[in-house]
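Single-letter residue listing:
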Amino acid sequence: MIPLFRPSISNEEIEAVTEVLKSGWWGLGPKTAEFEEKFAKYIGVKHAVGLNSGTAALHLALALLDLKRGDEVIVPPITFVSTAHAVVYNGAKPVFADVYEDNLCIDVEDVARKITKRTRAILPVHYAGHPCDMDGLRELAKGKRIAIVEDAAHACGAQYKGKKIGSISELTCFSFHAVKNVACGEGGMVTTNNDEWDKWLREMRWLGISKSTWNRTVDEKVYAWFYHVNRLGFKAHLNDIPAAIGIVQLARLDALNARRREVAGIYNRAFKNIKGVKVPVERKGCKSSWHIYHLKVDKRDDLIKFLKDNDIAPGVHYYPIHLHPYYRSQRVKLPVAEEVWKRIISLPCFPGITEEEMNKVIGTVGAFFARPPVIDESRLLGKKVALRGIEASDLETLREWRNRKENRQAFFHQEPIVMEQQQEWYNRYLKDDSDMMFMIEDARTRTPIGAIAIYHIDHINRQCEIGRIMIGNRRYLGKGYAHEATTLLLNRAFKDLGLNRIYLEVFNRNSRAIALYESCGFATEGIKREAVVVDGKRYDVRVMSVLKKEFPGGAK
């Protein structure tokens, strides 16, 4: 399997760790101090404070602002959840601003709309290593009591208008997680030019203690055991083992990033002319660190399955934070993020990727988009309804519809289903080429109103089953939407899949459903007596089918 990420390691990193292990000083010590000094010099700032994760860096950087309950920090939704969590850790509220479609960085215009008298900070994320519009954000914050704290977890080595990310704002936070551009296994850093903030961060990362153990050892003639606890701090410091790796990684960073840039260029040239694919951009004045290489594609989930089937590990960065259950109560609408995340896919991109691995990724993506469509979704549009393939984001809606009592009664298995069952089914669904499920949408508003599926697709015998039909949005019941969705899918299944027979099974007592199917051209083939047991009772099942030659829609 070609991995999505792979750390680049040389003998130098191994030797550096070995040196620390043999030294007997593994904790916060001389290597951490050396790494901090070299990192600050590389970025071009006075101070760099090492922490045990990028999340800790965000947490403590925001803590410097002395946020209070009711204060707001503006964040993007397309990022790792640490960005928003760090705001909540500090008792404030994350306010989500939308992103630009091209680079997935925070939209300055939407940030301006979200600023209120309670806004205390803006927390831009340099998505995938591409710098945000820092001039625009700084202009918004100018003259206001609004700090800019940059999340540069992806952007080590990136530049904005010739300046290294980390040297522009009052505070910038980096991550040294195992797959980052500077990979230490774990770790983080905060950069700043403020002497007082540097001192404060060093105390806060070490439980509020006035002097680290290493400093108490080297600054005194004998070990000085005495110290003050000046504030309620955290156990969040970096230690000398990852710091030793970081020193070597930092020395290699420009070369490693140059290789990432080369890989991204190869991918862009290979994918830019494929229909249904958008390659990532690099805006004028921005130099990305290319931590992530992502495409925006049609049929994203199908491509994920195809890549996995061909031993390539893709990723999705990210599911929008505001759609997660914990943050959903904000009920914010972010149209770009909510649309674009469904098309984002990350491809293997790391300095050590081989030419053979790149060629396999390129060839596999190309092969996927060269395949003829199974069903021409562009033609699944009727007068009142439109059909589209289901996506991961539809699962909760489908589960809510399916678990309503009035809908469960139409299914042969009527127990309510939980989220884990739904996810397990979806994982199986992605691997099953004989199963195609669609959301039914209002053709005018594109509001999801129901679902329908064809499955057990048998190309040898040229037949399939249709089912899982439900109208979940009650406002659309009894108005002909189910009929149009059924005939629309029947028509495309006969036409695009070359089928001759489509069949279904339905409770013989379900007269409403039977009437619907008869209006779509289905005829009864027979009754399977007492074929289904529900709550200890046996029920007859009616088998119905429609043949292509008899289909009233004509399979045009």
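Our subject is the structure listed above.
Summarised in this report is the structure supplied together with it. If you're wondering where the values come from, they're calculated on a predicted model, not measured in any experiment.

1. Looking at empty space enclosed by the protein
A water-sized probe, rolled over the atoms, reveals where empty space remains.
Part 1 of the reasoning: Scanning the entire structure with this criterion turns up two cavities of 30 Å³ or more.
Part 2 of the reasoning: There is about 60 Å³ of room inside the largest cavity.
Part 3 of the reasoning: What lines the largest cavity is simply Asp-102, Asn-103, Tyr-127, Ala-128, His-130, Pro-280, Val-281, Ser-288, Trp-290, Ile-292 and His-294.
Part 4 of the reasoning: Taken together, the residues of the lining of the largest cavity sort by class into six nonpolar, four polar and one charged.

2. As for the packing of helix α3 (residues 54-63) against helix α7 (residues 195-204)
Part 1 of the reasoning: Contact geometry for α3 and α7: axes closest at 10 Å, N-to-C directions at 125 degrees. In terms of their interaxial angle, α3 and α7 are classed as oblique. Considering only the axes of α3 and α7, their crossing is right-handed. In this structure, α3 contributes Leu-60, Ala-61 and Ala-63 to the contact, and α7 contributes Trp-200, Leu-201 and Met-204.

3. Overview of the nonpolar core
Part 1 of the reasoning: Formed by 89 residues in total, the largest nonpolar core has its most connected members in Phe-35, Phe-39, Val-111 and Leu-137.
Part 2 of the reasoning: It is α3 that contributes the most residues to this core, seven residues altogether.
Part 3 of the reasoning: Residues within four places of Val-111 in sequence aside, it is in contact with Ile-74, Ala-97, Ile-106, Ile-122, Leu-137 and Leu-140.
Part 4 of the reasoning: Met-436, Leu-497, Leu-504 and Phe-551 belong to the second largest nonpolar core, which has 38 residues in total.

4. Here we look at the packing of helix α10 (residues 300-309) against helix α12 (residues 355-370)
Part 1 of the reasoning: Taken N-terminus to C-terminus, the directions of α10 and α12 make an angle of 130 degrees; their axes are 10 Å apart at the nearest point. Judged by the inter-axis angle, α10 sits oblique to α12. Crossing of α10 over α12 shows right-handed handedness. Counted together, Asp-302, Leu-303, Phe-306 and Leu-307 of α10 and Thr-364, Val-365, Ala-367, Phe-368 and Phe-369 of α12 form the full contact between these two elements.
Part 2 of the reasoning: Taken together, the residues of the contact of α10 with α12 sort by class into seven nonpolar, one polar and one charged.

5. Thoughts on the pairing of strand β5 (residues 147-151)
Part 1 of the reasoning: Counting buried positions over the five residues of β5 gives five, a clear majority of the element.
Part 2 of the reasoning: Neither face of β5 is left uncovered, since the one carrying Ala-147, Val-149 and Asp-151 and the one carrying Ile-148 and Glu-150 both have all their residues buried.
Part 3 of the reasoning: Examined bridge by bridge, strand β4 (residues 119-122) and β5 share two bridges and lie parallel to one another. The residue bridging Ile-122 from the neighbouring strand is Ile-148, located in β5.
Part 4 of the reasoning: Crossover handedness for the path β4 to helix α6 (residues 134-141) to β5: right-handed.
Part 5 of the reasoning: Sheet topology note: the β5/strand β8 (residues 171-175) ladder contains three bridges and is parallel. Within β8, the position partnered with Asp-151 by the bridge is Cys-173.

What counts, and at which threshold
- Residues numbered from 1 in each chain as written.
- Predicted model: local features only at pLDDT ≥ 70, side-chain atom pairs only at ≥ 80, totals over all residues.
- Heavy atoms only, no water.
- 1 Å grid on protein atoms, 1.4 Å probe; cavity = no way out; pocket = protein on both sides within 12 Å on 5 of 7 lines; lining within 4 Å.
- Points joined across faces, edges and corners; volume = space filled by probe spheres on them.
- Nonpolar A, V, L, I, M, F, W, Y, C, P; charged D, E, K, R; others polar.
- Axes fitted to C-alpha atoms, helices over the stretch in contact; angles between N-to-C directions.
- Helix = DSSP H or I, 4+ residues; strand = E, 2+ residues; numbered from the N terminus.
- Parallel < 35°, antiparallel > 145°, perpendicular 65-115°, else oblique.
- Left-handed = near helix turned anticlockwise from the far one by under 90°.
- Contact = heavy atoms within 4.5 Å.
- Core = buried A, V, L, I, M, F, W, Y, C linked by side-chain atoms within 4.5 Å.
- Buried < 20%, exposed > 50% of the residue type's maximum accessible area, 1.4 Å probe, protein only.
- Pairing = 2+ DSSP bridges.
- Right-handed = clockwise from strand over helix to strand, strands pointing away.

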